[in-house]
Amino acid sequence: MSLLGLVWANLFRKRTRTVLTLLSVMIAFLLFALLQAVSVAFDGGVEVDGTNRLVVGGKYSQIDQLPYSQKQQILSLDGVDKITHTSWFGGEYQDPKNFFAKFPVDPESYFEVYSELDLEPAGALERFARERTAAVVDISLAQEYGWEVGDVIPIQGTIYPKNDGTRLWEFELVGTFSENGEGSDFPLFLFHFEYFNEATLFGADQVGNWTLTIDDVERADEIANQIDALFENSSDPTRTTTEDEANRQFARQLGDMGFITTMIMSAVFFTIILLTGNTMSQALRERIPELAVLKTLGFTDSTVLFLVLGEALILCVLGGALGAGLAMFMGPGMSAALEGVFGSFEVTPDIFVIALGLSAAVGLLIGLLPALTAQRLAIVDAFRRG
Amino acid sequence: MTAAVVCRGLEKTYVKGREQVPVLTGINLEIEQGDFLALMGPSGSGKTTLLNLIGGLDHPTGGEIEVEGQSLGGMSNKALARWRSENVGFIFQFYNLLPVLNAQRNVELPLLLTKLSRKQRQANAETALEIVGLADRARHKPGELSGGQQQRVAIARALVADPRLMVCDEPTGDLDRDTADEILELLQMLNADHGKTIIMVTHDPRAADHAKRTLHMDKGKLVTAGALA
Ligand SMILES: Nc1ncnc2c1ncn2[C@@H]1O[C@H](COP(=O)(O)OP(=O)(O)O)[C@@H](O)[C@H]1O
Ligand SMILES: [Mg+2]
């Protein structure tokens, strides 16, 4: 036997009580690990969605153009982070049936705002920014038309003729973009706004929409209203919406979910601490004479303190490890079952470690009072009581 | 050889709220190594209190006390704990075994405080159980043993660290006469064959007969010849 063996033996003084306590701690941490995994999955979902983007368009019609001068005014608003713009170019590639959207954009700010897009090959963004006639396309377009980097792609300017009188716009493909390796359902052909601006016969210094990122999703409505108020009495009034209203609603629910998760866990831990704490104190009271015996035999006050603290610690950490371990074990199955509901659902080793740390903290909290009582216990008083 | 116990003007006063309760009022006592002393007296006369002071379980409020060559007055709790583990074996009326541990482990308990290896601890515990005649009950928990057997385990536990002094507070108070006699014979054997100094508080004159000498207490004082003047 060792000191640890002594702690262990004491834990199983009342087997049923200990097993029940262990079970409740275990279930608390099972819940904790699963909820933690869920909220991580939620966080992951929020990141890929462009919920913190606002789109500014003409107030009365989507085809109204907006002056380039609005850019600085919008950027100066508090809470606005980055801004870029898109315009409907129209245009034809070889045949009117080859339909896809072609936008003149500002290369750098566009890919900053649409940060979820990955450009390939390496250095494509720098080339796109540097070379006036460069273009980049959604990977699904490149696949559909068999385009490769270096190809020159001719586009007939159906709306916008060039100021040299021709309608042929030629672009050199310098890269493709994708999100998580996949193309979009609404694939885009992007080319240099400066090229458009210099070469177009009309429509220079105008954009179709502003797209901007904001610091705080919660302020989306407020900032949208501020933007529209800013231009309300100008010659170019605007209408600002979130990039995807549905997305934002979803994000708000996620926020609520995080809050609910925290509330549930607080309630669970409050109950566990109360319940287990009470069990520990009760167990201690039954054992006052035994603790006095240990002290009589020469166990010091601090050794007795650690023995009692050790019991609470072992019980909680064991419960925490079992609960979080079970969650990890259940994780893959639940992940499959919940696929589509959450982006990715995984009880990671990080969560397990956090659960262990938390269970140790709970153990210390629960064990501290009984342990201090045990430490202060005077031998003679204990025997007179017993 | 130094005396096992020397008390000079030893006093103990408990404080209950604002009230002072003098329990020991000037005890003068000397106990030689190898003695077997019975301490008798009416209930509340201070026998347990004196025994607790000798065993280093409590601090005196006056006078001097020296046990096994160590002056106990003014020692810290921690130092006293260590001193107890090395110098004194305790035997109580109600055995005070840990119910969750089997006999062997109860006996091994004091050795957890030593540097002995696990094997050595187990061997010593087995030896102690053999001395008290309970080697065959090593795996039994206290609840599975009779009162007399439990007291034997308690005696083995008191022996296992090989202290020179054993203090017993009414060790037969909870036992029937025959079992009590067996326990007293065991104590006598430990005194005679193993050289243990034994101080035993008892109510029972027949128990006291097993001791080498008897002292009487009344109202916090020793009243018999044999105490120092
Ligand atoms: N911790 C204590 N606090 C207050 N009074 C005590 C305490 N311990 C003992 N006493 C009192 O001291 C007296 C002697 O007690 P004790 O030594 O147990 O007597 P005995 O063992 O001879 O029956 C009793 O009156 C008891 O009430
Ligand atoms: Mg007594």
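Note that the coordinates shown come from a computational prediction; the quantities given were computed from them, not determined experimentally.

What counts and how
Residues numbered from 1 in each chain as written. Chains lettered and ligands numbered in written order. Predicted model: local features only at pLDDT ≥ 70, side-chain atom pairs only at ≥ 80, totals over all residues. Heavy atoms only, no water. Helix = DSSP H or I, 4+ residues; strand = E, 2+ residues; numbered from the N terminus. Buried < 20%, exposed > 50% of the residue type's maximum accessible area, 1.4 Å probe, protein only. Contact = heavy atoms within 4.5 Å. Areas by Shrake-Rupley, 256 points an atom, 1.4 Å probe, with all protein chains shown as cover. Buried area = accessible area lost by both parts, 1.4 Å probe. Salt bridge = Lys/Arg side-chain N within 4 Å of Asp/Glu carboxyl O. Polar contact = N/O pair within 3.5 Å; in protein donor to acceptor, adjacent residues only side chain to side chain. Nonpolar A, V, L, I, M, F, W, Y, C, P; charged D, E, K, R; others polar. Core = buried A, V, L, I, M, F, W, Y, C linked by side-chain atoms within 4.5 Å. Axes fitted to C-alpha atoms, helices over the stretch in contact; angles between N-to-C directions. Parallel < 35°, antiparallel > 145°, perpendicular 65-115°, else oblique. Left-handed = near helix turned anticlockwise from the far one by under 90°. Phe/Tyr/Trp six-rings, centres within 6.5 Å; stacked < 30°, edge-to-face > 60°. Near = heavy atom within 4 Å. Expected span 1.5 Å × (residues − 1). Bend = angle between axes of the 7 residues up to and from the residue. Pairing = 2+ DSSP bridges. pLDDT = per-residue confidence, 0-100.

This part covers the overall build of chain A. Scanning chain A from terminus to terminus reveals 13 helices and 12 strands. Classification of the 386 residues of chain A by burial places 48% in the buried group. Taking all contacts inside chain A whose residues are at least 6 apart in sequence as the whole, residues at least 24 apart take part in 80%. As presented, chain A carries roughly 18600 Å² of accessible surface, and 57% of it is formed by carbon and sulfur atoms.

Within chain B, the regular secondary structure consists of 7 helices and 10 strands. Within chain B, the proportion of its 229 residues that are buried is 53%. Intrachain contacts of chain B at a sequence separation of at least 6 include 72% that bridge at least 24 residues. Looking at chain B as shown, the accessible area adds up to about 10200 Å², and 46% of this sits on carbon and sulfur atoms.

Another point: the interface of chain B and chain A. Each partner contributes residues to the interface: chain B has 25 residues there, and chain A has 20 residues. Contact between chain B and chain A buries roughly 2100 Å² in total, counting both sides, with carbon and sulfur atoms accounting for 71%. For the pair chain B and chain A, the number of links is 0 salt bridges. Viewed at the interface, chain A and chain B are joined by 2 residue pairs in polar contact (both at pLDDT 80 or more). Contributions of two or more residues to the side of chain B that touches chain A are made by helix H2 (77-87), helix H3 (103-108) and helix H4 (118-131) of chain B. Top contributing element to the side of chain B that touches chain A by residue count: H2 of chain B, with 5 residues. Partitioning the side of chain B that touches chain A into residue classes produces 12 nonpolar, 5 polar and 8 charged.

Attention now goes to the nonpolar core. Formed by 59 residues in total, the largest nonpolar core has its most connected members in Ile54 and Leu109 of chain B. For Leu109 of chain B, the residues in contact, after removing those within four places along its chain, are Met1, Leu6, Leu294, Leu297 and Phe299 of chain A together with Leu98 and Leu101 of chain B.

Here the focus is the packing of helix H5 (residues 147-159) of chain B against helix H6 (residues 177-193) of chain B. All names here are of chain B. The contact between H5 and H6 brings their axes to 10 Å, and the two run at 15 degrees. In terms of orientation, H5 and H6 fall into the roughly parallel class. The way H5 lies across H6 gives a crossing that is right-handed. Contacts between H5 and H6 involve Gly148, Gln151, Arg152, Ile155 and Leu159 from the first element and Thr179, Glu182, Ile183, Leu186, Leu187 and Leu190 from the second.

Turning our eyes to something else, we now look at the side chain of Thr296 of chain A. Mapping Thr296 of chain A onto the fold places it in helix H10 (residues 288-296). If we ignore the near neighbours within four places in the chain, the residues touching Thr296 of chain A are Ile379 and Phe383 of chain A together with Leu57, Arg84, Phe90 and Phe92 of chain B.

Residues and elements named next belong to chain A. In this structure the tally under the stated criterion is 35 aromatic pairs over all chains. Pairing Phe32 with Phe269 gives two aromatic rings, centres 6.0 Å apart and planes at 70 degrees, and the pair type is edge-to-face. A residue pair is termed long-range when its members are at least 10 positions apart, and Phe32 in helix H2 (residues 15-48) and Phe269 in helix H9 (residues 245-286) qualify at 237 residues. The exposure class of Phe269 is buried, given its relative accessible area of 12%. Summarising the aromatic geometry, the rings of Phe89 and Tyr160 are spaced 5.8 Å apart at their centres and angled 15 degrees between planes, so their arrangement reads as stacked. In this pair, Phe89 sits in the loop between strand S3 (80-86) and strand S4 (101-105) while Tyr160 sits in the loop between strand S7 (152-156) and strand S8 (168-178), placing the two residues 71 residues apart along the sequence.

Of all residues adjacent to ligand 1, which total 13 residues, the nearest are Arg384 of chain A together with Gly44, Lys47, Thr48 and Thr49 of chain B. Bordering ligand 1 are residues originating from chains A and B. A total of 3 residues in the shell around ligand 1 trace back to one element, the largest contributor, which is helix H1 (residues 47-54) of chain B. Residues belonging to the shell around ligand 1 are distributed by class as follows: 3 nonpolar, 6 polar and 4 charged.

Below, the discussion takes up helix H12 (residues 349-376) of chain A. With 28 residues, H12 of chain A ought to run about 40 Å at 1.5 Å a step, and its terminal C-alpha atoms sit 40 Å apart, in line with that. At Leu368 of chain A, H12 of chain A shows its largest bend, some 40 degrees, and a proline, Pro370 of chain A, comes one to four positions later.

Right, let's get into the pairing of strand S6 (residues 134-138) of chain A. The side chains of a regular strand alternate, first on one face of the sheet and then on the other. Residues and elements named next belong to chain A. Of all 5 residues in S6, 5 are buried, a share of seventy percent or more. Both S6 and S8 contribute to a ladder of 5 bridges, which runs parallel. Bridging across to S8, Ala135 finds its partner in Leu173.

Overall, the predicted model of chain B reaches an average pLDDT of 93, with 97% of residues at or above 70. Taken together, the chains of this predicted complex give a pTM of 0.67 and an interface ipTM of 0.93.

Next up on the list: the confidence of the model for chain A. When pLDDT is averaged along chain A, the result is 87, and 89% of the positions lie at 70 or above. Scored below 50 in pLDDT, residues 44-50 of chain A makes 8 contacts in the model with residues more than four places away or belonging to other chains.

What follows deals with the sheet that holds strand S10 (residues 221-222) of chain B. Residue and element names in this part refer to chain B. Strands sit in the order S6-S7-S8-S3-S9-S10 across an open sheet of 6 strands; the sheet is mixed. Either end of the sheet is taken by a strand with one partner, and the two such strands are strand S6 (88-91) and S10. Inspection of the sheet shows strand S9 (residues 213-218) paired to S10 by 2 bridges, in the antiparallel sense. Considered in S10, the bridge of Asp218 is made with Lys221. Along the sheet face, H1 touches strand S3 (36-40), strand S7 (165-169), strand S8 (197-201) and S9 and points at about 155 degrees away from the line of S7.

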